[in-house]
Amino acid sequence: MNDRLEFLKTATPFNRLPIDVLEEVAELLQEVIHPKEAVIYLQDVSKLRGIDLIVEGEYETFFYDSQQNKRLIEISPPGSCYGGVSVLLNKKRSLRTVIARKGTRVYFLHRRDFRALCQAYEDFFQYFTHRYGQQMLNPEYAHFLRPDHKAGGQNYIASDQLYSRRLETVELRDVIACPGSTPIHEVARRMAAARTSCYFITNDEPNASIIGYVTDITLRDKVVAGLLDANQPVATIMDAPVVDIDSQAFVYEAVLRMFRTKTRYLLVKKADEYIGFISRNKLLSDQAQSPFVFIQAVKQTLSVRELKRRWEQVPNMVYQLLDRGVKPEIVNQIISSVSDTIALKVIEGVIQEQGPPPAKFAFIVLGSEGRKEQTLLTDQDNAIIYEDKANEQREAVRAYFLEFARIVSERLNNIGFSFCEGGLMAMNPKWTHSLSHWKRNYTAWMTEANQETVMKFSSFFDCRYLYGEESLVTELQDHLRAELQGRLDRFLYYMANNALQYEPPLTFFRNIRTFTQGSQQVFDLKKTMTPIVDLVRVYALRQQIFTTNTGERMALLNEQNVFTDKEYQELLHAYYYLMGIRLKKQAQQIINDRTPPTNYLDPRTLTQVEQVTLKETFKVISDFQVKIRVSFTKTL
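None of these values were measured; they are calculated from a predicted model.

## Some words on the overall build of the protein chain
Per the secondary structure count, the protein chain includes 25 helices and 21 strands. For the protein chain, the proportion of its 636 residues judged to be buried stands at 50%. Here the analysis covers contacts within the protein chain between residues at least 6 apart in sequence; of these, 70% occur between residues at least 24 apart. Summing over all exposed atoms, the protein chain offers an accessible surface of approximately 29800 Å²; the carbon and sulfur share of this is 48%. Separation of charge centres in the protein chain, based on 79 positive and 77 negative side chains, amounts to 3 Å.

Below, the structure written as structure tokens:
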């Protein structure tokens, strides 16, 4: 008995209990010896009768992936215990698979007695929940653990090949190319002989590089339909620029790039050398019922009514993707791709009706649209930049774009993208301007910054080109880059202070702070995520990073050593953990409740596992707010 008591005095967290309690616990312990090495618990299958305290020997714990490979292996030495988190937070089922080494000796404590200790001693209980929360901040750990799957369900790494397969594993076509001086008819002959619908074009230099390409459609539209002389150099009709991607990219990344660049062919490179190319049709046909087939269907839609019907199908797709284990950041990209495709169809339709624009212009999207982080509760945030024109043309040019913007916004509203309550839309005369006017806007916001203007206009620093003349957006970014060269301590101070306006809803006693909404006690998921968006944005601006997506900004800040690897992983996981909860809840509201989606969440609807993870996520945000307070607000 004395041996057991002495052991408990050194074993965490039992060493936190009073000595008289330990004496009682020592009498409850049962000794178990494992004479040979064996699997004693299977992840999410074995139901635990209690917890094990390892006295001699060790446990090896891990997850099995879909190929039965061991992942996240941990060794539990003497003095450690196994089973506490499983009993408390996973309906008594083992979180991991456990192998006991030969000769391992443990003390077993029944779950009834263990739970009694947890109820009586908060510090003892918090040890297990805090440990679990810390583990859930590891994206790989959270990935293998699916708290919402049914007992005996399958843990898996990827839902299908679309999200797990890299381009290097895809069968590529050989790159066939010829100089731009080659006659058109000769290229057509070579294409027929090679049975290829795409032929790449190089310059005429000794070390030729690819500068464009021709396709069957190029020959049809530019040569046959245009009655062009087929003896002319192929460079006169080629399409450009070429779009490439690294062989390490995932299949879904390749498809998304094709949609965003409106190209049907991608060159695939490895170590700066092209190893082949692939067509969009090939990738899509391989994906059968993937979301990208859905996006292709949206591209072929002809009416606003049909676009509305397509948008109404998105919640089901989102729910299925999340339920199958697809990462929230990928789901965000898919929603944004569908949204972009719908907006482009609307814009092209309005231009076809109104006639050609009287000036070059760019239609830009802002806020969550600009960051490619749209959810199912989304409104319109957009603006128009048009080229500067002579005085006598300005009025007519402005009138065209305001009317154009009005029709676009009304059609988007009819489809399901509601009007922005704050009027942040191109149809508002405040947000349709010439390039020079936009430059003056940004200069004023940055040099005359105060808390009110920064809060009001911060979303303009998330602007993303969608349609038109991209060079106008590039020129505006060059202007922004030049402004950031100056001393903008005041501007950065207020931008940083913006990230401190909302505190994560965590009380001093680590409860979730809520407010009343109808019959529920809720907190606002969007506001909880906002500090992450704001703090990452201000660091990106300081580093002159003009990528708008929050996750991509984090990665670049990590590359520049602004965020350590640990900070980057924790913040990334915190952001997309909240995003996953937000997206799934909104999809469920639309599909199951048939109610408009909201950003409100009642924490009582979450499992205890999810609540623990949520609290750790809040703590990560609070820690970063301290970092930003030190980094920026000391400057003034």
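## Thoughts on the sheet that holds strand β9 (residues 177-179)
Pairing in this open sheet of three strands is mixed, and the strands run β9-β10-β11 from one edge to the other. A strand with exactly one partner marks an edge of an open sheet, and here the two such strands are β9 and β11 (210-215). Averaged over all pairs of adjacent strands, the angle between their axes in this sheet comes to 35 degrees, without regard to strand direction. With five bridges joining them, strand β10 (residues 198-202) and β11 adopt antiparallel strand pairing. When the bridges of β11 are listed, Phe200 appears paired with Tyr213. Sheet strands in contact with helix α8 (residues 184-194) are β9, β10 and β11, and its direction is about 135 degrees off that of β10.

## A closer look at the confidence of the model for the protein chain
Per-residue pLDDT for the protein chain has a mean of 87; in total, 94% of the residues score no lower than 70. Contacts of residues 147-160 to residues separated by more than four positions or lying in other chains number 32 contacts, the stretch itself having pLDDT below 50.

## A word on helix α2 (residues 19-28)
Along α2, the residues that are buried comprise Val21, Leu22, Val25 and Ala26. Taken end-on, α2 shows its buried residues confined to a sector of 145 degrees, consistent with a single buried face. Across from the buried face of α2, at angles greater than 90 degrees, the exposed residues are Glu24 and Glu27. Buried residues along α2 sit in contact with α1 (2-10), β8 (104-110) and α4 (111-120).

## Considerations on a negative patch on the surface
On the surface, Asp20, Glu23, Glu24 and Glu27 cluster together into a negatively charged patch. Relative to the helices and strands, Glu24 is located in helix α2. Given a relative accessible area of 54%, Glu24 falls into the exposed group.

## Regarding the pattern of salt bridges
Here the structure, examined in full by the defined rule, presents 37 salt bridges. Between Arg190 and Glu186 there is a salt bridge; the shortest N-O distance is 3.0 Å. Highlighted residues: Arg190 and Glu186, both in helix α8, separated by four residues, approximately one helical turn. Looking at Glu186, the relative accessible area reads 19%, which means it is buried. With a closest N to O distance of 3.0 Å, Arg406 and Glu410 form a salt bridge.

## Focus on the packing of aromatic side chains
Following the criterion strictly, the structure yields 40 aromatic pairs and no others. Pairwise contacts between aromatic rings join Trp431, Trp438, Tyr442, Trp445, Phe457, Phe460, Phe461 and Phe491 into one cluster. One residue, Lys584, lies across the ring of Tyr319, its end atom 5.5 Å from the ring centre.

## Some thoughts on a nonpolar patch on the surface
Taken together, Val39, Leu42 and Val45 make up a surface patch of nonpolar side chains, about 240 Å² in accessible area. Mapped onto the secondary structure, Val45 falls in the loop between β2 (38-41) and β3 (50-56). Classification of Val45 as partly exposed rests on a relative accessible area of 46%.

## What about empty space enclosed by the protein?
Under the defined criterion, the tally for this structure stands at two cavities of 30 Å³ or more. Considered as a void within the structure, the largest cavity measures approximately 110 Å³ in volume. Around the largest cavity sit 13 residues that line it, and Phe461, Cys463, Gln477, Leu480 and Phe546 are the ones nearest its centre. Of the residues forming the lining of the largest cavity, the biggest block, three residues, is contributed by helix α20 (residues 470-484). Considering only residue class, the lining of the largest cavity consists of nine nonpolar, two polar and two charged. Taken as a whole, the second largest cavity holds about 80 Å³ of empty space. Around the second largest cavity, the lining residues are Ser339, Ala343, Phe363, Val365, Glu369, Asp379, Gln380, Asn382, Leu412, Phe417 and Leu466. Elements that contribute at least two residues to the lining of the second largest cavity include exactly α15 (328-354) and β15 (361-365).

## Looking at the side chain of Lys615
Summarising the element assignment, Lys615 is placed in helix α25 (residues 608-632). Although Lys615 is buried, it forms no salt bridge, and the closest oppositely charged side chain is Glu122 at an N-O distance of 7.4 Å. Contact partners of Lys615, with chain neighbours within four places excluded, come to Leu506, Arg510, Asn511 and Ile512.

## A word on helix α10 (residues 251-261)
For α10, the full list of buried residues reads Val251, Tyr252, Ala254, Val255, Leu256, Met258 and Phe259. Two residues or fewer past α10, Lys262 is found with a positive phi of approximately 55 degrees.

Reading the values: rules and limits
Residues numbered from 1 in each chain as written. Predicted model: local features only at pLDDT ≥ 70, side-chain atom pairs only at ≥ 80, totals over all residues. Heavy atoms only, no water. Helix = DSSP H or I, 4+ residues; strand = E, 2+ residues; numbered from the N terminus. Buried < 20%, exposed > 50% of the residue type's maximum accessible area, 1.4 Å probe, protein only. Contact = heavy atoms within 4.5 Å. Areas by Shrake-Rupley, 256 points an atom, 1.4 Å probe, with all protein chains shown as cover. Lys, Arg positive; Asp, Glu negative; His and termini not counted. Charge placed at Lys NZ, Arg CZ, Asp CG, Glu CD. Pairing = 2+ DSSP bridges. Axes fitted to C-alpha atoms, helices over the stretch in contact; angles between N-to-C directions. pLDDT = per-residue confidence, 0-100. Arc of directions from axis to C-beta. Patch = residues over 30% accessible without salt bridge, like charges linked within 9 Å, V, L, I, M, F, W, Y side chains within 5 Å. Salt bridge = Lys/Arg side-chain N within 4 Å of Asp/Glu carboxyl O. Phe/Tyr/Trp six-rings, centres within 6.5 Å; stacked < 30°, edge-to-face > 60°. Lys NZ or Arg CZ within 6 Å of the ring centre and 35° of its normal. 1 Å grid on protein atoms, 1.4 Å probe; cavity = no way out; pocket = protein on both sides within 12 Å on 5 of 7 lines; lining within 4 Å. Points joined across faces, edges and corners; volume = space filled by probe spheres on them. Nonpolar A, V, L, I, M, F, W, Y, C, P; charged D, E, K, R; others polar.

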